[in-house]
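# Examination of the molecular architecture
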Amino acid sequence: MASASSSSYFGSENGDSSSFMLNTQNEAGKEKRSICRDELRCKELEIPFTVSMITNYPVEEFNSLLRQHRLNEEQLTLVKDIRRRGKNKVAAQNCRKKKMNELTGLEAEINDLKRKRGELIRDKDELKRSKLHLRKQLDQTYIEVFNSVRDNLGRPYDPRYYTLHISDDGDAHIIPNKVILSQWLAITTLLNYHHHTV
DNA sequence: CGCTGATGTCATACG
DNA sequence: GACGTATGACATCAG
């Protein structure tokens, strides 16, 4: 198929192509050079079309062109080869453009994610500072409460053995350690004795 | 001189 | 099956 036709095409040209193309199997190069080469080959084979006609004409017109001029095997092979390469050249250009656009999009996405990461890091620091502040306030409140409250014998509570709890209704209770708030509330309710409600 | 980006070409897959 | 398109891989060239 294409590879066979190309190699035979290039192969047959090895003798006189060295002046403008290297004779490696995978012939490549700049557009003008290859078009120039193809134009020359078209002239050599007496093909009555230009490279531009071959590559740019729509299928219909291209086919009618082929119908009008009876081309031999060699001419037909070259013409189809030129057309295929021309089409593929444009396809490669589009493909690369698309790839570049995708790359640009991904880079933008990366920048956006970096920005968001920065925001989240700042938020985290802010919350950390806020938590520290609340912690200090709570500690202070603890000290104030334990300093201001006395048991029914007038003695201060020892913060080593008692903990300050806030119930759902917002009431503060000083309860012995190792007793959870619900238990403590049940006990005090049972005894109808709200122990040191603050 | 070797490196790199741009470009063309080929092979291949797919529609 | 022929044809066009998309894409990876390779080659070549220019800067």
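Residues numbered from 1 in each chain as written. Chains lettered and ligands numbered in written order. Predicted model: local features only at pLDDT ≥ 70, side-chain atom pairs only at ≥ 80, totals over all residues. Heavy atoms only, no water.

### What to know about the packing of aromatic side chains
Inspection of the entire model under this criterion finds 2 aromatic pairs. For the pair tyrosine 142 and phenylalanine 146, a centre-to-centre distance of 5.4 Å together with 25° between the ring planes defines the contact as stacked. Of this pair, tyrosine 142 and phenylalanine 146 are both found in helix α5 (residues 73–148), 4 residues apart, which corresponds to roughly one turn of the helix. On the basis of relative accessibility, which here comes to 25%, the residue tyrosine 142 falls in the partly exposed class. Ring geometry for tyrosine 157 against tyrosine 162: centres 4.7 Å apart, planes inclined by 70°, an arrangement best described as edge-to-face. In this arrangement the basic side chain of arginine 83 is found over the ring face of phenylalanine 62, its NZ or CZ atom lying 4.1 Å from the centre. (Phe/Tyr/Trp six-rings, centres within 6.5 Å; stacked < 30°, edge-to-face > 60°. Helix = DSSP H or I, 4+ residues; strand = E, 2+ residues; numbered from the N terminus. Buried < 20%, exposed > 50% of the residue type's maximum accessible area, 1.4 Å probe, protein only. Lys NZ or Arg CZ within 6 Å of the ring centre and 35° of its normal.)

### What about the confidence of the model for chain A?
Of the residues in chain A, 77% have a pLDDT of 70 or more, and the chain-wide mean is 77. The weakest mean pLDDT in chain A belongs to helix α1 (residues 2–17) at 31; the strongest belongs to α5 at 93. Segment residues 1–29 is flagged for pLDDT under 50; beyond a separation of four residues in sequence, or across chains, it makes 28 contacts in the model. (pLDDT = per-residue confidence, 0-100. Contact = heavy atoms within 4.5 Å.)

### Observations concerning the pattern of salt bridges
Inspection of the entire model under this criterion finds 12 salt bridges. Salt-bridge contacts for arginine 129 lead to glutamate 126; the nearest nitrogen and oxygen are separated by 3.1 Å. You can see arginine 129 and its partner glutamate 126 sitting in helix α5, 3 residues apart, about one turn around the helix. We note a salt bridge from arginine 135 to aspartate 139, for which the minimum N-O separation is 3.2 Å. Taken together, the residues span about one helical turn, with arginine 135 and aspartate 139 both in helix α5 at a distance of 4 residues. Judged by relative accessible area, which is 47%, arginine 135 ranks as partly exposed. A relative accessible area of 34% places aspartate 139 in the partly exposed class. One network of salt bridges, with partners in common, ties together Asp112, Arg115, Lys116 and Glu119. (Salt bridge = Lys/Arg side-chain N within 4 Å of Asp/Glu carboxyl O.)

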